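Chain residues, written in single-letter form:
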Amino acid sequence: MKPVCLVIGAGAGGLCAAKHLLHSTKLTPVVFEQTEHIGGTWVYNEAVGLDKHGNPVHSSMYKNMKTNLPRETMAFPDYPFPCREGPSFLRHEEVREYLESYCDHFQLRPALRMEHCVEHVRSMGNNQWRVRVKDLNKQEVSEDDYAAVIVCNGHYSVPH
């Protein structure tokens, strides 16, 4: 069996984890994201309630939000924000564009499984994890085994 690592979530943490797995380990990442967009918390969505698949909409963004950290401290160490001039506190759209660019630069898209919801993860022992995933478009559920699991669903995944 080819060593495969499951990453849950395609936000900043999930993309970073996938990049390092792909370029620095012998593990091949598979990234499951339950929405149709990468970017996690940086995806602005005016919708509330349930999405088109009947899952809760998770968005901590608002229309005119800017970051509360300067871009110089937000960037991944190996991938700076593209513009060096202009305001240090970026709009959410700029952060999302940066994450899209990061994903493309490090060729992560083949690892992404969009609109797939991880329903259950359980240890099988011997460094094996059985994971049940639902393809939200096809409404099909499958189970596969993975050598490792990294949970990157973010701290905004459960509304308060």
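Look above for the structure.
Here is a short report on the structure shown in this document. (Residues numbered from 1 in each chain as written. Predicted model: local features only at pLDDT ≥ 70, side-chain atom pairs only at ≥ 80, totals over all residues. Heavy atoms only, no water.)

Bringing helix 1 (residues 12-24) into the picture now. Side chains three or four residues apart in an α-helix point the same way, a direct result of the helix having 3.6 residues per turn. Given a rise of 1.5 Å per residue, 13 residues ought to cover 18 Å, and the 18 Å separating the end C-alpha atoms of helix 1 matches this to within 8%. What helix 1 keeps buried is the set Gly14, Leu15, Ala17, Ala18, Lys19 and Leu21. Elements in contact with the buried residues of helix 1: strand 1 (4-8), strand 2 (28-33), helix 3 (92-105), strand 3 (112-114) and strand 7 (148-151). (Helix = DSSP H or I, 4+ residues; strand = E, 2+ residues; numbered from the N terminus. Expected span 1.5 Å × (residues − 1). Buried < 20%, exposed > 50% of the residue type's maximum accessible area, 1.4 Å probe, protein only. Contact = heavy atoms within 4.5 Å.)

The next thing to look at is helix 3. End to end, helix 3 covers 20 Å across 14 residues, agreeing with the expected 20 Å (1.5 Å per residue, within 8%). Buried within helix 3 are the following residues: His92, Val95, Tyr98, Leu99, Tyr102 and Cys103. Buried residues of helix 3 fall within an arc of 140° about the axis and therefore sit on the same side. On the buried face of helix 3, the contacting elements are helix 1, helix 2 (71-74) and strand 3. (Arc of directions from axis to C-beta.)

Below, the discussion takes up the packing of aromatic side chains. On inspection of all chains with the given rule, the structure shows 7 aromatic pairs. Aromatic side chains Tyr79 and Tyr102 sit 5.7 Å apart centroid to centroid with 75° between the ring planes, which places their arrangement in the edge-to-face category. Separated by 23 residues along the polypeptide, Tyr79 in the loop between helix 2 and helix 3 and Tyr102 in helix 3 bring together distant segments of the chain. Residues Tyr79 and Tyr102 agree in their burial class; the two are buried. Within the aromatic cluster, the residues linked to one another by ring pairs are Phe76, Tyr79, Phe81, Tyr98, Tyr102 and Phe106. Geometry around Phe106 places Lys19 over its ring, the cationic atom sitting 4.8 Å from the centre. (Phe/Tyr/Trp six-rings, centres within 6.5 Å; stacked < 30°, edge-to-face > 60°. Lys NZ or Arg CZ within 6 Å of the ring centre and 35° of its normal.)

Another point: the nonpolar core. One finds Leu15, Leu99, Tyr102, Leu108 and Leu112 to be the most contacted residues of the largest nonpolar core, which totals 26 residues. Of the residues forming this core, the biggest block, 5 residues, is contributed by helix 3. When near neighbours in sequence (up to four residues on either side) are disregarded, Leu15 contacts Ala10, Ile38, Leu99, Tyr102, Cys103, Leu108 and Leu112. Residues Val4, Val30, Val118 and Tyr146 belong to the second largest nonpolar core, which totals 9 residues. (Core = buried A, V, L, I, M, F, W, Y, C linked by side-chain atoms within 4.5 Å.)

Bringing the pairing of strand 1 into the picture now. If a strand is regular, its side chains alternate between the two faces of the sheet. Counting buried positions along strand 1 yields 5 of 5 residues, so the element is predominantly enclosed. Burial along strand 1 is two-sided: Val4, Leu6 and Ile8 facing one way and Cys5 and Val7 facing the other are all buried. As paired elements, strand 1 and strand 2 share 5 bridges and run parallel to each other. Each residue of the ladder has a partner; that of Val4, found in strand 2, is Thr28. Read from strand 1 through helix 1 to strand 2, the crossover connection turns out right-handed. Note that strand 1 and strand 7 share 4 bridges and pair parallel. Of the residues in strand 7, the one forming a bridge with Leu6 is Val149. (Pairing = 2+ DSSP bridges. Right-handed = clockwise from strand over helix to strand, strands pointing away.)

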